[in-house]
Structure formats: structure tokens, C-alpha cells
Amino acid sequence: MPRKRKSDVDTKADANEDSPIGKKAKVETVKKNKLDTDVSELSFESEAKTKNGKPWNVKFASWNINGLRAWIKGGGIEYLKKESPDVLCLQEIKCSEKKVPKECEVDGYHSYWYSAEKEGYAGTGLYSKNKPINVKFGLGIKEHDNEGRVITAEYDKFFLVTSYVPNAGQKLVRLDYRSKEWDVAFLKYLKDLDDKKPVILCGDLNVAHQAIDLKNPKSNYNKIAGYTQAEIDGLTNILNSGFVDTFRKLYPDKTDIYSYWTYMMNARARNTGWRLDYFLMSERLLPQLCDSIIRNEVFGSDHCPVILLLNM
């Protein structure tokens, strides 16, 4: 998730003429971002179909949960049961595998966890109703595999890759690593998989690809992690290698739809956000695409879930 400046969100102040000690700045009091959701009040039903009229029959979900324990307390397991995806991918679990709470064992799902070497940092997870043929952790490259950032699940007809892509960091201290090392290795990894089977990639890719993918593009461009040209180019390179951004394929001009909001300055209530969470897939899967959804009505993290519906 990008580091945010105060200029990224709107604030309101005016002079308090009635103050007994003279004029004061009167800051508007606003409610904080909600921390959880009563999913019983939500409907996740969909009648989405392919262009040829075939209804969806497989649902994938992805969510940067900003901490596994906090996610559980905020109703994460209830969300999983309500959404009932065939696969749920999690990013930023911030929990070593040996400390994964027992509550994370959910009937009807196989679960897989890939933790960072550093406790309380990064990490990914995956729930799957059907047991994958194989599950791989990492890229197979030592310098990229100490933060628990990639899980690959192989199924009969495709590979599913979930990733928590490295953040370029405050003052862009990791931008060179992100753009010159990680992005290069990750692209090669995806292309090698795609040579074998179609690939579905999901997760927090830590970049807003287009200006319409964040609220304040001008003030953030080349200044804030998540919207530098180097990071944009990294995602463009993936898309130019036979992959498609499913949300933008279906909704090329849709604005004010985001998947991440800083906790500061009531950003989510103001919808001052970024679209950092994606479902990309091999272009040859396009005939099977039914819908790509951003569940911005679901709380429990500074990100919201994103959904992919396919007819497989």
C-alpha cells in the first residue's frame, strides 16, 4: 500500500468566529473508517455471464487483509463463508505459519500459508475448496523469497498465482529493487507458467496503473510509492506479455472505484483511494470471463476484496 501525504486527502477547516479567545481553526469532525462489516446484510449473488451467455461457475476472491489476526476479529471468516469463493487468496497476513490461529481452519477448504522470515511482516495465504495439483511457495529465487510474497496453485486447466508485490517504500527507497529486480523476475516467472497453462494472477500489486485508478494522480505521480512511472511500466510489461486486467477490460472508463484507502483522514468515507488489487489473466481465458468485481462495501482492512467470476 502506498505511503500517503496529507495532501492526498481533503480536509476542511474554517474560522470559528464564536470562540471566546478569538478565531480558531474549526476542524470538521468525521467518523473514522469502519473496521468490520456485518456480511449478513450483504448480497454477493451474481447472474454474470460470458459474452456467449454462459453463466459463471467458478469464483475467485483476493484480499489484502492487513494482518490475519485483525482480519479474524473483524469478521474475516464470516466473510469467507458468506462469499463462498472456490479460492480465496490473502495478502499481508503478517503472521508466521506456526502462529496461524486455529480459527483459520475452515470446513470445506484446504489452506496454505507462506510467511515472511520477519515476524509480523508481509506474507500470503490461500484457501481452496478443491485441493490443487501442486502448491509452490515463492519464485524459486532466494533473494526474492524471504518475505512470503507469492503462492502458486496448479489446477487442471490453469495456474493461480497470488502475490503481495513489494512496496517501493517511503521516499521510494525500494523502488530500484521493485522495478529493476522484482518486476523483472516476476514477469519471467509468469511467462514461464503461461507457456504451460493459462495463468490467473491476483493480489495487491502495489501500483495504480492508470490515472483513473487513484483519486489524486497529479499530486502523487513519481512522488509516492504505487504511482511512479517505473511501477506503472512494470505492470504494463505484464499486460503486454499476453495478460489482461480483467476489471479494466470490462469497465475501461469506470472512475472512483478503488480497493485501498489509507486509514488516515477518513479517506475511505471520502472515497479518496487507489485501485491496487487486481485479477489479471492470460488473454486466452477471455472467452470465459464473466465479471470482475471490487467489493468496496466490505470492510475489515484498509483494502477491500476483489472478485473474479469465470465460466470454466
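Model, not experiment: these values are computed from the prediction. (Residues numbered from 1 in each chain as written. Predicted model: local features only at pLDDT ≥ 70, side-chain atom pairs only at ≥ 80, totals over all residues. Heavy atoms only, no water.)

A.B. asks: Got a minute to help me understand the pattern of salt bridges in this structure?
C.D. replies: Once their charged atoms are close, side chains differing in charge can pair, the charge on each being opposite to the other. One pass over the full model with this rule turns up 15 salt bridges. Of the charged contacts, one joins Glu 83 and Arg 295 as a salt bridge, the two residues approaching to 2.8 Å between their closest N and O atoms. Of the two residues, Glu 83 is situated in helix 2 (residues 76-83) and Arg 295 in the loop between strand 13 (289-294) and strand 14 (306-310); the sequence distance between them amounts to 212 residues. Classification of Glu 83 by relative accessible area gives buried; the value is 2%. When its relative accessible area of 7% is taken as the criterion, Arg 295 is described as buried. Salt-bridge contacts for Glu 92 lead to Lys 94; the nearest nitrogen and oxygen are separated by 3.8 Å. Owing to a relative accessible area of 6%, Glu 92 belongs among the buried residues under this scheme. Lys 94 gets classed as partly exposed once you look at its relative accessible area, which sits at 27%. Taken together, the shared-partner salt bridges in this structure form one network comprising Asp 213, Asp 245, Arg 248 and Arg 275. (Salt bridge = Lys/Arg side-chain N within 4 Å of Asp/Glu carboxyl O. Helix = DSSP H or I, 4+ residues; strand = E, 2+ residues; numbered from the N terminus. Buried < 20%, exposed > 50% of the residue type's maximum accessible area, 1.4 Å probe, protein only.)

A.B. asks: It is not clear to me how the environment of Lys 82 should be interpreted in this structure. Could you clarify?
C.D. replies: Relative to the elements of secondary structure, Lys 82 occurs in helix 2. Classification of Lys 82 by relative accessible area gives partly exposed; the value is 36%. With 43 residues separating them along the chain, Lys 82 and Val 39 place their C-alpha atoms 6.9 Å apart.

A.B. asks: Explain the sheet that holds strand 3 (residues 58-64) to me, please; I cannot follow it from the model alone.
C.D. replies: Hydrogen bonds between backbone groups are what pair the strands of a sheet, and the pairing can be parallel or antiparallel. Here we have six strands laid out as an open sheet, ordered 5-6-4-3-14-13, and mixed in their pairing. With one partner strand each, in any of the chains shown, strand 5 (110-114) and strand 13 form the two edges of the open sheet. Pairs of neighbouring strands in the sheet enclose a mean axial angle of 10 degrees, with direction left out of account. Relative to strand 6 (residues 124-128), strand 4 (residues 87-91) is paired through five bridges, and the arrangement is antiparallel. Paired with Val 87 across the strands is Ser 128, a residue of strand 6. (Pairing = 2+ DSSP bridges. Axes fitted to C-alpha atoms, helices over the stretch in contact; angles between N-to-C directions.)

A.B. asks: Would you explain the packing of helix 3 (residues 175-194) against helix 5 (residues 229-239) in this entry?
C.D. replies: In helix packing, the relevant descriptors are the interaxial angle and the interaxial distance, both defined with respect to the helix axes. Direction vectors running N to C along helix 3 and helix 5 enclose 5 degrees, while the axes themselves pass 10 Å from each other. Taken together, the axes of helix 3 and helix 5 lie roughly parallel to each other. Contacts between helix 3 and helix 5 involve Leu 175, Arg 178, Ser 179, Asp 183, Phe 186, Leu 187 and Leu 190 on the former and, on the latter, Ala 230, Glu 231, Gly 234, Asn 237 and Ile 238. A per-class count over the contact of helix 3 with helix 5 returns six nonpolar, three polar and three charged. (Parallel < 35°, antiparallel > 145°, perpendicular 65-115°, else oblique. Contact = heavy atoms within 4.5 Å. Nonpolar A, V, L, I, M, F, W, Y, C, P; charged D, E, K, R; others polar.)

A.B. asks: Honestly, the packing of aromatic side chains in this entry has me stumped. Any pointers?
C.D. replies: Inspection of the entire model under this criterion finds 11 aromatic pairs. Considering the side-chain rings of Phe 60 and Phe 158, the 5.7 Å spacing of their centres and the 85 degrees angle between planes classify their relative orientation as edge-to-face. With Phe 60 in strand 3 and Phe 158 in the loop between strand 8 (150-154) and strand 9 (159-164), this residue pair connects regions lying 98 residues apart in the sequence. Across this residue pair, the class does not change: Phe 60 and Phe 158 are buried. An angle of 45 degrees between the planes, with centres 5.2 Å apart, marks the rings of Phe 247 and Tyr 251 as tilted. Taking the relative accessible area as the measure of exposure, Tyr 251 reaches 27% and is therefore partly exposed. Among the aromatic residues, those joined into a ring-pair cluster are Phe 44, Trp 63, Trp 71 and Tyr 79. Just above the ring of Tyr 251 sits the side chain of Lys 254; from NZ or CZ to the centre is 4.9 Å. (Phe/Tyr/Trp six-rings, centres within 6.5 Å; stacked < 30°, edge-to-face > 60°. Lys NZ or Arg CZ within 6 Å of the ring centre and 35° of its normal.)

A.B. asks: I tried to follow the confidence of the model for the protein chain on my own but got confused; where do I start?
C.D. replies: In low-pLDDT regions, the fine details of the predicted coordinates are not to be read closely. Per-residue confidence for the protein chain averages 91 on the pLDDT scale, and 89% of its residues sit at or above 70. Between residues 4-32, whose pLDDT stays under 50, and residues either more than four places distant or in other chains, the model counts 40 contacts. (pLDDT = per-residue confidence, 0-100.)

A.B. asks: Would you explain the pairing of strand 13 in this entry?
C.D. replies: Within strand 13, six of the six residues are buried, which leaves it mostly tucked inside the rest of the structure. The sheet contact formed by strand 13 and strand 14 spans five bridges and is antiparallel. The residue of strand 14 that forms the bridge with Leu 289 is Leu 310.

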